[in-house]
Amino acid sequence: MSNITETLEDLIAIDGGKAAALVDSSSGMLLGKAGSGLDLDVAAAGNTEVVRAKLKTMKSLGLDDTIDDILITLSTQYHIIRPLSSNPEVFIYLVLDSSKANLALARIKVKNADKGLIL
């Protein structure tokens, strides 16, 4: 669990980082969380539905591919969802303040976090 906690705390330490979570999309349950500003339990359940919907659409389209990440832009926030390369049923969820964040750098940091996570 310390690897998860440390990884999530590193993610929210980047410029604009507000909250981060590791989510099991088979259940919608949080495996870890860090930061504040929103109800991460609700966000985990809701974003599980986003991931499931995208996977279902990809299957319907006959796409033999994987999700690298999903980016949701709000008026004041970026939300990055990245299924783990080692276990696509688990995803990293990162919330950033868009006025302070460098989106390209944040996506790189989430990708690196994916590579470094040991479950």
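S.K.: Lay out the overall build of the protein in plain terms, naming residues and giving numbers.
M.R.: Per the secondary structure count, the protein includes three helices and five strands. Shown N-terminal to C-terminal, the secondary structure of the protein runs as helices and strands in the order α-β-β-α-β-β-β-α. Taken over C-alpha atoms, the radius of gyration comes to 13 Å for the protein, in line with the 14 Å a tight globule of 119 residues would show. Seen along its three principal axes, the alpha-carbon backbone of the protein occupies a region of about 40 × 35 × 25 Å. Expressed as a percentage of its 119 residues, the buried residues of the protein come to 40%.

S.K.: Provide a residue-level description of the side chain of Asp-69, including the pertinent values.
M.R.: Structurally, Asp-69 is set in the loop between α2 (40-60) and β3 (70-73). Polar side-chain contacts of Asp-69 include one of 2.9 Å to the side chain of Arg-107. Discounting residues that sit within four places of it in the chain, Asp-69 has contacts with Ile-80, Ile-81, Arg-82 and Arg-107.

S.K.: Quick rundown of the side chain of Asp-114? Include the residues and the values.
M.R.: Tracing the sequence through the fold places Asp-114 in helix α3 (residues 103-116). Residue class for Asp-114 comes out buried when judged on its relative accessible area of 3%. In this view, Asp-114 contacts Arg-82, Pro-83, Leu-84, Ser-85, Ser-86 and Ile-92; residues no more than four positions away in its chain are not counted.

The rules behind these values
Residues numbered from 1 in each chain as written. Predicted model: local features only at pLDDT ≥ 70, side-chain atom pairs only at ≥ 80, totals over all residues. Heavy atoms only, no water. Helix = DSSP H or I, 4+ residues; strand = E, 2+ residues; numbered from the N terminus. Rg over C-alpha atoms; globule rule 2.2 N^0.38 Å. Buried < 20%, exposed > 50% of the residue type's maximum accessible area, 1.4 Å probe, protein only. Polar contact = N/O pair within 3.5 Å; in protein donor to acceptor, adjacent residues only side chain to side chain. Contact = heavy atoms within 4.5 Å.

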